[in-house]
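A structural walkthrough
Each chain, letter by letter, is given below.
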Amino acid sequence: MISENNSTSINLALQGIIESVQQGKEEIFAISEKIGIDNKKVLVQLEKLKSKVNKQTKDRDELKLLAQESRKKLSDVSSNFNLYSQQDIEQAYIEANKLQLKLTKKENELKLLLNNIESLESRLSENEELHSKSTDILNKIDVISEYLSYDFSKKDNEPQNNTIKWIMLMENEKGRISRDIHDGP
């Protein structure tokens, strides 16, 4: 039989464990919430970047057409140089070169945007994995908390009753997890 002094010590230790578990649960929940907030910010950034990519792609395609036309004109001017003045030839060269530089700059900007999108998508994927893991840990902590806070000291005197109660706690947790899975994150 456990003495009253030992029982008090055990109860105090158990209460400390319960409080620590609860504090850990709250910290994990806060982390999970921060991840959710970050995911929302990342999704907004992704939408903005995708919109920029669409605009940049259209601009690049227009520049490609202009650059092709200017190269054709430059080719025409160069092959028929006797029909054009020196100034016309220089102007065609300058225009073709300027458009090619703009096109190169636009393609580099587009690559940078695409790299940013890839980075944000990777971050989003990692966040979703962390959120899933934190939810799993929170569920496990709930089970531990329920078990630790359950009062087994009641005068049941029947070990079967404690086992049945433990099984019922587990079944309740399974039901809660099933509902969470069904309802989605």
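Calculation rules
Residues numbered from 1 in each chain as written. Predicted model: local features only at pLDDT ≥ 70, side-chain atom pairs only at ≥ 80, totals over all residues. Heavy atoms only, no water. Helix = DSSP H or I, 4+ residues; strand = E, 2+ residues; numbered from the N terminus. Buried < 20%, exposed > 50% of the residue type's maximum accessible area, 1.4 Å probe, protein only. Contact = heavy atoms within 4.5 Å. Areas by Shrake-Rupley, 256 points an atom, 1.4 Å probe, with all protein chains shown as cover. Core = buried A, V, L, I, M, F, W, Y, C linked by side-chain atoms within 4.5 Å. Salt bridge = Lys/Arg side-chain N within 4 Å of Asp/Glu carboxyl O.

1. Things to note about the overall build of the protein
- Each helix and strand in the protein was counted, giving 3 helices and 0 strands.
- What you see in the protein, going N to C, is helices and strands ordered as α-α-α.
- Counting over 185 residues, the protein shows a buried share of 21%.
- When contacts within the protein are restricted to residue pairs at least 6 apart in sequence, those whose partners lie at least 24 apart make up 80%.
- For the protein, the accessible area works out to roughly 14000 Å², and carbon and sulfur atoms hold 55% of it.

2. Remarks on the side chain of Ser32
- Looking at where Ser32 falls in the secondary structure, it is placed in helix α1 (residues 4-79).
- Note on Ser32: relative accessible area 5%, which makes it buried.
- What Ser32 contacts, discounting residues up to four positions off in sequence, is His131 and Ser134.

3. Digging into the nonpolar core
- If you look at the biggest cluster of nonpolar residues, it comprises 9 residues: Val42, Leu46, Leu49, Val53, Leu110, Leu113, Ile117, Leu120 and Leu124.
- Put simply, the parts of the chain that give this core at least two residues each are α1 and α2 (86-149).
- Here this core gets 5 residues from one element, more than from any other, and that element is α2.
- Non-local contacts of Leu49, meaning those with residues more than four positions away in its chain, are made with Leu113, Asn116, Ile117 and Leu120.
- Among the nonpolar cores identified, the runner-up in size contains 5 residues, and Leu74, Val77, Ile89 and Ala96 belong to it.

4. Some details on the pattern of salt bridges
- Going through the model one piece at a time under the given rule, you end up with 9 salt bridges.
- The closest approach of N and O atoms between Arg123 and Asp38, which form a salt bridge, is 2.5 Å. Placement of the pair is Arg123 in helix α2 and Asp38 in helix α1, with a sequence separation of 85 residues.
- Between Glu121 and Lys50 there is a salt bridge; the shortest N-O distance is 3.9 Å. Within this pair, whereas Glu121 is found in helix α2, its partner Lys50 is found in helix α1, the two being separated by 71 residues in sequence.

5. Description of the environment of Glu107
- Along the chain, Glu107 falls in helix α2.
- Measuring from C-alpha to C-alpha, the distance between Glu107 and Gln56 comes to 8.3 Å, with 51 residues separating the pair along the chain.

None of this, on its own, says anything about what the molecule does.
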